[in-house]
There are 4 protein chains.
Amino acid sequence: MLNVGLLGAGRIAGVHATAISAHRESTLAAVSDVNIESAERLAQEYGTTARSTEEILADTSIDAVLIATSTDTHSDLIEAATEAGKAVLCEKPVDLDLGRARRCQQAIAGRNQPVMIGFNRRFDTHFATLKSALANGDIGKAELLSITSFDPAPPTVEYARGSGGLYRDMMIHDFDITNFILEELPVTVSAVGSSLVDPAIGALGDVDTAVVTMTYASGQIAVIKNSRRAVYGYDQRIELLGSDGLLQATNVLENTVVTSNKSGVTAAKPVHFFLERYMQAYSAEWAAFVEALKTGASPPSTLEDGINALMMAEAATHSAKTGVPVNLDTMTA
Amino acid sequence: MLNVGLLGAGRIAGVHATAISAHRESTLAAVSDVNIESAERLAQEYGTTARSTEEILADTSIDAVLIATSTDTHSDLIEAATEAGKAVLCEKPVDLDLGRARRCQQAIAGRNQPVMIGFNRRFDTHFATLKSALANGDIGKAELLSITSFDPAPPTVEYARGSGGLYRDMMIHDFDITNFILEELPVTVSAVGSSLVDPAIGALGDVDTAVVTMTYASGQIAVIKNSRRAVYGYDQRIELLGSDGLLQATNVLENTVVTSNKSGVTAAKPVHFFLERYMQAYSAEWAAFVEALKTGASPPSTLEDGINALMMAEAATHSAKTGVPVNLDTMTA
Amino acid sequence: MLNVGLLGAGRIAGVHATAISAHRESTLAAVSDVNIESAERLAQEYGTTARSTEEILADTSIDAVLIATSTDTHSDLIEAATEAGKAVLCEKPVDLDLGRARRCQQAIAGRNQPVMIGFNRRFDTHFATLKSALANGDIGKAELLSITSFDPAPPTVEYARGSGGLYRDMMIHDFDITNFILEELPVTVSAVGSSLVDPAIGALGDVDTAVVTMTYASGQIAVIKNSRRAVYGYDQRIELLGSDGLLQATNVLENTVVTSNKSGVTAAKPVHFFLERYMQAYSAEWAAFVEALKTGASPPSTLEDGINALMMAEAATHSAKTGVPVNLDTMTA
Amino acid sequence: MLNVGLLGAGRIAGVHATAISAHRESTLAAVSDVNIESAERLAQEYGTTARSTEEILADTSIDAVLIATSTDTHSDLIEAATEAGKAVLCEKPVDLDLGRARRCQQAIAGRNQPVMIGFNRRFDTHFATLKSALANGDIGKAELLSITSFDPAPPTVEYARGSGGLYRDMMIHDFDITNFILEELPVTVSAVGSSLVDPAIGALGDVDTAVVTMTYASGQIAVIKNSRRAVYGYDQRIELLGSDGLLQATNVLENTVVTSNKSGVTAAKPVHFFLERYMQAYSAEWAAFVEALKTGASPPSTLEDGINALMMAEAATHSAKTGVPVNLDTMTA
């Protein structure tokens, strides 16, 4: 049985608490949060106790921590937790600052603690099936990847202000899925973005509608499209053209009911947002972490994966500003 | 070049006029109708002349006639046209009266003139593809056939009054498609029907919603569902379960545009009615008739096919009245 | 907290054990089975104890029992459990014998204990959405209901022998869903069936492919199609034509991945069988039972519902044998 | 009746010959080609005569010419035909050389002859429906346009050599459709391309897989994806995100038959290539030209439209070479 400390007690922490509790080989041993009341509320709901982060890290009966705190604390907590001998599953992104993330990577290099970054979409059954089909040769060699990733509604301006911008906050998932599927890092990253949805977000210098194109040494091309607003729901699709065919992962709909009337033939909307869409993925992510700890295998999405995605987000942010493509290796400086 | 006389100048005659004119190996040589003005209007539209039926049948330069007159004249005209040495393509049904249709069959038996009944749906590319897939072994042996066939709106009461009732007028197409696909006549025919759409049609003793179930010596089962009203358009679907899979011919939609908004994900409606849905089939039907005349092959939907469908319609009408299944061979008396 | 005794420890009992354990307001307090080892194995898996049925019924700390034993024990156990003051959720069917089921109904009439029959499909989110859409007026008045319900593969001959036949064992779900959606009992039930899949099942006098048509006082018509074999997976669809449109609940597919290649455009198969397809429904069923106990409301699928479905299965069995429609009220004798 | 001279007798000329002949208000009066035999063959097939281009232009009974010759002759023939007082429908592209196309525009400026460029896709019923839905406000304001346009198989190296490259030859259709839908010219054009399909085409300096991103003064963004090879058929899709929803024009499939078996649920492939996919569009294009001549309205796709698309193709070609986005107004120099 894996004893788990949950750092953070916000919305996404609740998702993880459910997955930890439901798993037969893990127990939610403690919860911490800067807001004590939040920690206590979550602890009570899951029949566990609220403690301070320090206590959790100091408790040798706790095997692993799940970091679901605000992004600016991720690097510090990864360092502290590995120092304390805990295995770590940390929510994405590693950090908003690429340099800080790299220093974190160096700091923990010798500690030999498993550190996994929570790129939940890798564990989505539909996307994983698409990747398996590619590996299985169903469409030959990958040539052109397209990701459509639209949120149902824009975040608050407050959220946007601290988010690091669309490329680091939202598209980072798509950068990681691109790496997950193509298993190759891009050479160039080229971004265009617009503020069309909420002028207040635009006023921050951020965008809400963006397209990023990436080129690869192998000749592959990838395109990511993001929008902060798709009024019909959470639009999460992947499409991959290969030498022998096309793979598409289409949207998960709320139900299978189709209504035909004078207006046409209407199916349900895509499920509303990430909690509904990716609940299965969060559970599978947690199961994969537990499995990696049991077998001693490397976790399926590493700190390096987190840094790669962050590097691409940085490149995209830079490209959008300068109006020209950015070579990814200039991000390594 | 095949010189064709068109008997009848109503709506369906116009459909055939288009097919005859567009075919490179046939010419619309003359049109007749009990309503002279209609004949003249159609003749003018297609650049040909209006004549009497007698003149057309007497004209030895005319090779074939297409009979698109009212149903009660079909048997007489088939007999007269074959007597006059013409090949015949006659609209369905052969007759509303099974006995009359059989006498027609006997009358023309020795004349050796090709007579084809216009079961246009056999020539629909989608249904024909389904039949090919069955023949190709794609789903193994046929087990359970379901036909959904709904009109967009009920006919006028006047039309219904002279139609012979839903089973003879509307479901006759589905009986023929059943025979076309299964290539076996049923043993029993069982019908239930309701008057739900237009009470005035019900007042005639007719139904507007009906289900017919048929059993076969081979163990196959077939179900046909009809309704005179599907407000979303002409619903024409076939579904066939076999030992190795399922074949479905789904609806042809007006266009491929899909709109996603707060109400859901909406595709276009099925094309409105039979003219839009089966225009391709009417052309292919005509081409098959021309081809049969050229090669001397038997036409692909014969007078016997017409009589079989009529026999099933009679059986269904009888079953609906008596409330018990009818053995098809009792219809041969 | 609701303390629950689970009677039966077979496959379906395991499904219920999961639902009972996962629900926040219920606890799996004990498991019994005629096979002690099975009971102990299940008890251990869910962290509870194996006891005899008698002990469970005698234990006043146990509030409710879930009956998942063999069908021939259902009536006895419903009677004993209500006598012992327990609320009951009993797997379908109530009994294979209509008379016995009715005696059970009479026996428990005055006891005032909640008894729910486990028609899990009523709690399927897709079917429930279809029913809501009908209630919401989305398609006007219901006219023609079609249910397609195919299993992926036939059961063993041993299972078939004790099953009561396709109509009582398999189609009983569809009879109940018909009642659930139309909220009206049929007047006539007409069945045809064939043995096409497994001759050994046919040798028992049972069928594996069947169509039942039902008529209603209101003029509605319903058709149910069953097959014991759909090689592509569990085919569970409902289609309802109404005066203002059509509702369809289509299949749940294994995933959303679509592959386009030289063979065509291929989506995933329907999920394989009832455990995958209806796991959500089993949980929702349990939640509805718990909710009914809390609020004192009548359970959403009653013993009377179970008897109605059984009555229709009896009528269908009789109709298939005699070859003529059966009036449902002759089943009440 | 419009008398039409057809200049060119190749494959696409045959498509136009069919449309011209089938239209009730136009007649195919003559055909010319540098290859006399080709001209004679086509003329015979359509019951008209083969003549020289000079004769056709000099014949005052000929009202209009359809230019379907090789691209390098388009500008000369547009000039000569308008000089001769003919209305012109010219196949796309206007020219491979932007400067030459502009000189052509200037040359014919004062002649007041209708000149239409054959962007057939504007007349495709599906794309036109999408545009109407946008105009109708179905998705609010357009924000992000995506065009997927894949050929089933690469052209021959000989064809590719004279084609002007993928951007001018293939993507030019997508540039025009972009303009047709968004009704705004882009500010920047950014292209990346790879040679993945046929190395011999790559050896010419051409690409076979490409993505172009365009930005607009209004903030809209457009993406075009092209590949010379989609083994599953001609993939022609448009997707437009707006402030109130999403519009998608999906592929036209060969038929509506769906096969479910152990491998999955398989629909037909997209129709194979442009002749099958756009035959309706070619007819509608011709009808629109005839209608414009009758009413005196400006043709729905003008020489200016042709030059705009060519300008974007030039910009994309330049961007792909230099690796940086190109401002469209630098193409006007």
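Residues numbered from 1 in each chain as written. Chains lettered and ligands numbered in written order. Predicted model: local features only at pLDDT ≥ 70, side-chain atom pairs only at ≥ 80, totals over all residues. Heavy atoms only, no water.

An unreviewed UniProt entry lists chain A under the name Inositol 2-dehydrogenase, from Hoeflea prorocentri.

(A) Structural view of the overall build of chain A. Tallying secondary structure elements over chain A gives 12 helices and 15 strands in all. Expected size for 333 residues packed as a compact globule is a radius of gyration near 20 Å; at 20 Å, chain A falls within 12% of this value. Overall, the C-alpha framework of chain A stretches about 55 × 55 × 45 Å when taken along its three principal axes. Excluding contacts between residues fewer than 6 apart, the proportion of contacts in chain A whose partners are at least 24 apart in sequence is 71%. Counting only carbon and sulfur atoms, one obtains 51% of the accessible surface of chain A, whose full area is about 12000 Å². (Helix = DSSP H or I, 4+ residues; strand = E, 2+ residues; numbered from the N terminus. Rg over C-alpha atoms; globule rule 2.2 N^0.38 Å. Contact = heavy atoms within 4.5 Å. Areas by Shrake-Rupley, 256 points an atom, 1.4 Å probe, with all protein chains shown as cover.)

(B) Local environment of the UniProt feature "domain: Gfo/Idh/MocA-like oxidoreductase C-terminal" (unreviewed entry) in chain A. Those residues carrying the UniProt feature "domain: Gfo/Idh/MocA-like oxidoreductase C-terminal" (unreviewed entry) are residues 131–328 of chain A in this numbering. Each end of residues 131–328 of chain A is marked by a C-alpha atom, and these two atoms are 24 Å apart; helix forms 37% of the span and strand 27%. (UniProt positions renumbered as here; feature names shortened; annotations may be inferred.)

(C) The arrangement of the domain arrangement of chain A in detail. All names here are of chain A. Here chain A is described as being made up of domain 1 (2–113) and domain 2 (123–280 + 309–332). Spacing between the C-alpha centres of domain 1 and domain 2 amounts to 27 Å. Each partner contributes residues to the interface: domain 1 has 11 residues there, and domain 2 has 15 residues. With both sides pooled, the region where domain 1 packs onto domain 2 buries about 1000 Å², and carbon together with sulfur makes up 70% of that total. Where domain 1 packs against domain 2, one counts zero salt bridges. Our count for the domain 1 to domain 2 interface comes out at three residue pairs in polar contact (both at pLDDT 80 or more). Split by residue class, the side of domain 1 that touches domain 2 holds six nonpolar, no polar and five charged. (Domains from an automatic or database assignment. Buried area = accessible area lost by both parts, 1.4 Å probe. Salt bridge = Lys/Arg side-chain N within 4 Å of Asp/Glu carboxyl O. Polar contact = N/O pair within 3.5 Å; in protein donor to acceptor, adjacent residues only side chain to side chain. Nonpolar A, V, L, I, M, F, W, Y, C, P; charged D, E, K, R; others polar.)

(D) Structural context of the relation of the copies chain B and chain D. Once chain B has been moved 0.1 Å along the axis and rotated by 180 degrees, it coincides with chain D to within an RMSD of 0.1 Å. Both chain copies can therefore be described as sitting about a two-fold axis. Every residue of chain B has its C-alpha some distance from the rotation axis, and the shortest such distance is that of A22 of chain B, at 4.2 Å. When the interface residues of chain B are mapped onto chain D, 96% of them again lie at the interface, so the same face is used by both copies. (Least-squares fit on C-alpha atoms with pLDDT ≥ 70 in both.)

(E) Region of interest: the relation of the copies chain D and chain A. Superposing chain D onto chain A takes a rotation of 180 degrees combined with a translation of 0.0 Å along the rotation axis, leaving an RMSD of 0.0 Å. By residue overlap, the copies meet face to face through one surface: 100% of the interface positions of chain D are interface positions in chain A.

(F) Highlighting the interface of chain D and chain A. In this assembly, 39 residues from chain D lie in contact with 39 residues from chain A. Each partner contributes to the roughly 2800 Å² buried at the junction of chain D and chain A, and carbon and sulfur atoms together form 64% of this total. Between the two partners, chain D and chain A, sit four salt bridges. The partner of E239 of chain D in a salt bridge is R237 of chain A, with the nearest N and O atoms 2.6 Å apart. Scanning the region where chain D abuts chain A turns up 10 residue pairs in polar contact (both at pLDDT 80 or more). Taken together, the elements giving at least two residues each to the side of chain D that touches chain A come down to β7 (142–150), β8 (188–194), β9 (209–215), β10 (221–227), β11 (235–242) and β12 (245–249) of chain D.

(G) Region of the structure containing the sheet that holds strand β3 (residues 49–50) of chain A. Residues and elements named next belong to chain A. The sheet built from six strands is open, its strands ordered β3-β2-β1-β4-β5-β6 with parallel pairing. Of all the strands in the sheet, just β3 and β6 (115–118) have a single pairing partner and so form its edges. The sheet contact formed by strand β5 (residues 87–91) and β6 spans four bridges and is parallel. Among the inter-strand pairings, L89 is bridged to a residue of β6, identified as M116. Against the sheet, helix α11 (residues 274–295) contacts β1 (2–7), β2 (26–32), β4 (64–67), β5 and β6, and its axis sits at roughly 160 degrees relative to β5. (Pairing = 2+ DSSP bridges. Axes fitted to C-alpha atoms, helices over the stretch in contact; angles between N-to-C directions.)

(H) Structural detail: the interface of chain B and chain D. Chain B puts 24 residues into the contact, and the matching count from chain D is 23 residues. Summed over both sides, the interface between chain B and chain D buries roughly 1900 Å², with carbon and sulfur atoms accounting for 49% of that surface. Run the count over chain B and chain D and you get two salt bridges. At the boundary of chain B and chain D, one finds eight residue pairs in polar contact (both at pLDDT 80 or more). Of all the elements in the fold, those that place two or more residues in the side of chain B that touches chain D are α6 (125–135), β12 (245–249) and β13 (257–261) of chain B. Inspection of the sheet shows β13 of chain B paired to β12 of chain D by four bridges, in the antiparallel sense. What sits directly across from V257 of chain B, in β12 of chain D, is A249 of chain D.

(I) Representation of the UniProt feature "domain: Gfo/Idh/MocA-like oxidoreductase N-terminal" (unreviewed entry) in chain A in the model. Using the residue numbers shown here, the UniProt feature "domain: Gfo/Idh/MocA-like oxidoreductase N-terminal" (unreviewed entry) corresponds to residues 2–119 of chain A. In residues 2–119 of chain A, the share of helix is 41% and the share of strand is 24%. The end C-alpha atoms are 21 Å apart.

(J) Highlighting helix α9 (residues 171–182) of chain D. Residue and element names in this part refer to chain D. With 12 residues, α9 should reach 16 Å at 1.5 Å per residue; the first-to-last C-alpha distance of 16 Å fits that figure. Of all the 12 residues making up α9, 12 are buried; the element is thus mostly covered by neighbouring parts of the structure. The set of residues buried in α9 consists of M171, I172, H173, D174, F175, D176, I177, T178, N179, F180, I181 and L182. After α9 finishes, the residue E183 shows a positive phi value of roughly 55 degrees. (Expected span 1.5 Å × (residues − 1). Buried < 20%, exposed > 50% of the residue type's maximum accessible area, 1.4 Å probe, protein only.)

(K) Structural context of the sheet that holds strand β1 (residues 2–7) of chain C. Residues and elements named next belong to chain C. Spatial ordering of the open sheet is given by β3-β2-β1-β4-β5-β6, a layout of six strands whose pairing is parallel. Two strands bound the open sheet, and with one partner strand each, they are β3 (49–50) and β6 (115–118). Note: β1 against strand β4 (residues 64–67), four bridges, orientation parallel. Within β4, the residue paired with G5 across the bridge is V65. Relative to the sheet, helix α4 (residues 74–83) contacts β1, β4, β5 (87–91) and β6, its axis offset from that of β5 by approximately 170 degrees. On top of the sheet, helix α11 (residues 274–295) reaches β1, β2 (26–32), β4, β5 and β6; it is set at about 160 degrees to β5, its chief contact.

(L) Broad picture of the packing of α6 of chain B against helix α9 (residues 171–182) of chain B. All names here are of chain B. Running from amino to carboxyl end, α6 crosses α9 at an angle of 30 degrees, the nearest separation of the two axes being 9 Å. The angle between α6 and α9 falls in the class roughly parallel. Along its contact with α6, which presents F127, L130, K131 and L134, the element α9 presents I177, F180 and I181. Considering only residue class, the contact of α6 with α9 consists of six nonpolar, no polar and one charged. (Parallel < 35°, antiparallel > 145°, perpendicular 65-115°, else oblique.)

(M) View of empty space enclosed by the protein. Within this structure, the stated rule accounts for six cavities of 30 Å³ or more. As a volume, the largest cavity reaches approximately 50 Å³. Taken together, S190, A191, V192, V211 and T213 of chain A together with S190, T213 and P325 of chain D form the lining of the largest cavity. In terms of residues, the lining of the largest cavity owes the most to one element, strand β8 (residues 188–194) of chain A, which gives three residues. Taken together, the residues of the lining of the largest cavity sort by class into four nonpolar, four polar and no charged. (1 Å grid on protein atoms, 1.4 Å probe; cavity = no way out; pocket = protein on both sides within 12 Å on 5 of 7 lines; lining within 4 Å. Points joined across faces, edges and corners; volume = space filled by probe spheres on them.)

(N) Fine view of the packing of helix α9 (residues 171–182) of chain A against helix α12 (residues 303–322) of chain A. All names here are of chain A. At a minimum axis distance of 9 Å, the contact between α9 and α12 shows a crossing angle of 120 degrees. Taken together, the axes of α9 and α12 lie oblique to each other. As for the relative orientation of α9 and α12, their crossing is right-handed in sense. Residues I172, F175, D176 and N179 of α9 form the contact with α12, whose participating residues are D305, N308, A309, L310, M312, A313 and A316. Grouping the amino acids of the contact of α9 with α12 by side-chain chemistry returns seven nonpolar, two polar and two charged. (Left-handed = near helix turned anticlockwise from the far one by under 90°.)

(O) View of the packing of aromatic side chains. Residue and element names in this part refer to chain C. Overall, the coordinates contain 20 aromatic pairs over all chains when judged by the stated rule. Note on Y234 and Y278: the rings are 5.9 Å apart at their centroids and 85 degrees apart in plane angle, and the pair reads as edge-to-face. Residue Y234 is located in the loop between β10 (221–227) and β11 (235–242), and its partner Y278 is located in helix α11; the two are separated by 44 residues in the primary sequence. Seen in terms of ring centroids, W286 and F289 are 5.2 Å apart; in terms of plane orientation they differ by 40 degrees. Their pairing is tilted. Here the residue W286 and the residue F289 both occupy positions in helix α11, the gap between them amounting to three residues, near one helical turn. Here W286 and F289 have matching classes, each one buried. (Phe/Tyr/Trp six-rings, centres within 6.5 Å; stacked < 30°, edge-to-face > 60°.)

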